2 protein chains.
Amino acid sequence: MRIAILIFDRITALDAVGPYEVLARLPGAEVIFVGKATGVVRTDNRCLGLHVDRALADVPAADILVVPGGFGWRALAEDPEVLAWLRQIHAGARITASVCTGSLLLGSAGLLAGVPATTHWNYLGELARHGAVTTNARIVEHGTFITCAGVSAGIDMALALAARLAGEDVARAIQLGIEYDPAPPFDAGSPTKAPPHIIDAVRARLDARDARESRELPIAANPPPSSPPANP
Amino acid sequence: MRIAILIFDRITALDAVGPYEVLARLPGAEVIFVGKATGVVRTDNRCLGLHVDRALADVPAADILVVPGGFGWRALAEDPEVLAWLRQIHAGARITASVCTGSLLLGSAGLLAGVPATTHWNYLGELARHGAVTTNARIVEHGTFITCAGVSAGIDMALALAARLAGEDVARAIQLGIEYDPAPPFDAGSPTKAPPHIIDAVRARLDARDARESRELPIAANPPPSSPPANP
C-alpha cells in the first residue's frame, strides 16, 4: 500500500509527521515523501528541514494521498504542476486525506466542489470559497476524502483511517505503540473552548503571516496554459 | 531562548516534531536540530529524512535540551561523544526534556540516578535499571528535568513546559494554534486502557525490533578513554 505524503517549503511539520507516524505502522505500508524536487524543504518557521525523497513526476500513482498544510500551501496553489499532480493522484487513489490547510490546496485543485470537508478553524471561510461544504468537525469523511482540522488533528484522522484500512485492532495497536492517550494541560484546543482573547491573538498572528505570504508569492515563471481553478 | 533538539539515525519522528511544533511557537524561541554530523538522518522505519542543521560540537550550550527517542537511542548510548554532549548541555540548561526512550539516553549519560522520570510504557523497567525513580505518569517534572511517556506524549509535555516558561495564556494560544483538541477514535493509548491482546502484540513487536537493534550495534571504533556511566 503506497502512501504518498506531499511535503513543501513552509509546511507545518506536525501536519505531515502526525499522520506519517500512524500510517507508517500499517501492515504493508510504503510511505513516500514527495515534493516539487528531491532535497530538503524547510518548515513554516524555517527551523526544521524535511527531506523530499521523490519528485512529483516520479510518483504517478498512490493508494493513499496525504496533503498537509502550512503557510506554503498558498504558493503551491499557484503552481500548475502541483495542482495537476494532486488531481492525478486523487483520481487513482483509494483515499485522499488532508490535514489543516492541506484541504485548501485540494480545493485549489478543484477537487472539493460540493464536498463536505474541513480545515484549521481559522480557514473555514476560505475553504467554503473553494466550494467545499464546510463543517467544524475534527474529522470529515466523505467518499474517498478524509479531511481534518488543524495541525494535531492529523493524528486523530490517521487513526480513523487506519481503522478503516486495516481494522480497529490494528488502529488500537498503533495508538498504544505511540502511547496516544492525550492529556493536554489546558482545554483550549478549539475555538469553541478557548477564551476570546486567546482566539483573537492567534487569529491576528495567523492573518498577519498569511498577508505576508500572499505578498511574497512569486510571479509564476510559466503561467498555466489554461485557467487554473477559481481561487477568489 | 535556544532550544536544542537532538536528532539521530532511527529516531521516532513524532518524538521530536511534537515538542518542536509547540516550543518553536514560544516568544523568542530559536530551535536548533542538532546531531552527530550535519546532513540527513533517517527515522526508525527509514521512511523520513530529517535534516541535522548543527553538529554537536557546534552547539556547546542551550537553554532547553530536548532528547527524543526511537530505536536509535541504543546506538547513541554507546557513543561517548553524544553522552558527553548531553552531560555538557544539561549542566548549563534551564530545562532538560525527554520524550519516550529519550530518557533512556539521559539515563545512559548518568543523569537520572535517583531522579523521578518516565518513558514509553514498554521501557519503564529498563529506565529503572538506569537508577531513575520510574512512574507511569504521562509527564514527570523534577527540578530541571521534564520527562514524558511515549511518542505522542511530547506534545502534552511541551505544552506544560510552554506554560512554565512563558505562562498559561501563551501555552493556551499555542494549543489553539495547533488545534490540539484531541479526539482519538479509540481509548487504547495506554496499557491501563488497551485490551491485553493488543498490549501483548505491541510489546512483542517492540521487543523483536529492540533485539535486532541490539545485535546490530556497531563495535565502537574509539573506546572512551575512561569508563562510561554504568549501563547494567
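Note that the coordinates shown come from a computational prediction; the quantities given were computed from them, not determined experimentally.

Asks: Which residues make up the interface of chain B and chain A, and what are the values?
Replies: Counting from both sides, the interface comprises 57 residues of chain B and, opposite them, 57 residues of chain A. Of the residues assigned to the side of chain B that touches chain A, the class counts are 36 nonpolar, 11 polar and 10 charged.

Asks: Got a sec to walk through the confidence of the model for chain A? Specific residues and values, please.
Replies: All names here are of chain A. Summary statistics for chain A give a mean pLDDT of 93 and a share of 93% for residues scoring 70 or more. In the predicted structure, residues 219-232 sits below a pLDDT of 50 and forms 10 contacts with residues beyond four places in sequence or in another chain. As scored by the predictor, the complex reaches a pTM of 0.92 and an ipTM of 0.92.

Asks: Report on the nonpolar core, specifying residues and quantitative values.
Replies: With 170 residues, the main nonpolar core has A:Ile5, A:Leu23, B:Ile5 and B:Leu23 as its most contacted residues. If we skip the residues at most four places from it in the chain, B:Leu23 touches B:Ile3, B:Ala29, B:Val31, B:Ile64, B:Ala158 and B:Ala162.

Asks: How would you summarise the pairing of strand S3 (residues 39-42) of chain B if you had to cite specific residues and measurements?
Replies: Residue and element names in this part refer to chain B. Note that S3 and strand S4 (residues 49-52) share four bridges and pair antiparallel. Across the sheet, the residue bridging to Val 40 is His 51, located in S4. Two successive antiparallel strands, S3 and S4, enclose a turn made up of six residues, where Arg 46 displays a positive phi of approximately 70 degrees.

Asks: Explain the relation of the copies chain B and chain A to me, using residue names and the numbers behind them.
Replies: With an RMSD of 0.0 Å, the operation that places chain B on chain A is a rotation of 180 degrees combined with a shift of 0.0 Å along the axis. Considering both components of the superposition, the chain copies are consistent with a two-fold axis. Considering only C-alpha atoms, the part of chain B nearest the rotation axis is B:Leu50, at 2.4 Å.

Asks: Account for helix H1 (residues 13-23) of chain A, naming residues and giving values.
Replies: Burial analysis of H1(A) places 11 of its 11 residues in the buried class, which makes it a mostly covered element. Taken together, the buried positions of H1(A) are A:Ala13, A:Leu14, A:Asp15, A:Ala16, A:Val17, A:Gly18, A:Pro19, A:Tyr20, A:Glu21, A:Val22 and A:Leu23.

Asks: Give a detailed account of the packing of H1(A) against helix H6 (residues 153-166) of chain A, specifying residues and quantitative values.
Replies: When two helices pack together, you describe them by how their axes are tilted relative to each other and by the distance separating the axes. Residues and elements named next belong to chain A. The contact between H1 and H6 brings their axes to 8 Å, and the two run at 30 degrees. Classified by the angle their axes make, H1 and H6 are roughly parallel. Crossing angle aside, the handedness with which H1 passes H6 is right-handed. Counted together, Asp 15, Gly 18, Pro 19, Val 22 and Leu 23 of H1 and Gly 154, Ile 155, Met 157, Ala 158, Leu 159 and Ala 162 of H6 form the full contact between these two elements.

Asks: Requested: an account of the sheet that holds strand S1 (residues 2-6) of chain A, with residues and values cited.
Replies: Residue and element names in this part refer to chain A. Read across the open sheet, the seven strands follow the order S5-S2-S1-S6-S7-S11-S10; overall the sheet is mixed. This sheet does not close on itself; its edge strands, each paired only once, are strand S5 (54-55) and strand S10 (139-142). As judged from the two bridges shared by strand S2 (residues 30-35) and S5, these two strands associate in the parallel manner. Its bridge partner being in S5, Val 34 is matched across the sheet by Arg 54. Running over the sheet, H6 touches strand S7 (95-98), S10 and strand S11 (145-148) and is turned about 155 degrees from S11.

Asks: Any details on the sheet that holds strand S10 (residues 139-142) of chain B? Residues and values, ideally.
Replies: The strands making up a sheet associate through hydrogen bonds between their backbones, and the pairing can be parallel or antiparallel. Residue and element names in this part refer to chain B. Taken together, the seven strands give an open sheet; going across it, the order is S5-S2-S1-S6-S7-S11-S10, and neighbouring strands pair in mixed fashion. Looking at which strands have only one partner, the edges of the open sheet turn out to be strand S5 (54-55) and S10. Alignment of strand S1 (residues 2-6) against strand S2 (residues 30-35), held across five bridges, turns out to be parallel. Its bridge partner lying in S2, Leu 6 is registered against Val 34. Most of the contacts of helix H6 (residues 153-166) go to strand S11 (residues 145-148), to which it runs at about 155 degrees, and overall it touches strand S7 (95-98), S10 and S11.

Conventions and cut-offs
- Residues numbered from 1 in each chain as written.
- Chains lettered and ligands numbered in written order.
- Predicted model: local features only at pLDDT ≥ 70, side-chain atom pairs only at ≥ 80, totals over all residues.
- Contact = placed C-beta atoms within 7 Å.
- Nonpolar A, V, L, I, M, F, W, Y, C, P; charged D, E, K, R; others polar.
- pLDDT = per-residue confidence, 0-100.
- Core = buried A, V, L, I, M, F, W, Y, C linked by C-beta atoms within 7 Å.
- Buried ≥ 20, exposed ≤ 12 C-beta atoms within 10 Å, placed from the backbone.
- Pairing = 2+ DSSP bridges.
- Helix = DSSP H or I, 4+ residues; strand = E, 2+ residues; numbered from the N terminus.
- Least-squares fit on C-alpha atoms with pLDDT ≥ 70 in both.
- Axes fitted to C-alpha atoms, helices over the stretch in contact; angles between N-to-C directions.
- Parallel < 35°, antiparallel > 145°, perpendicular 65-115°, else oblique.
- Left-handed = near helix turned anticlockwise from the far one by under 90°.

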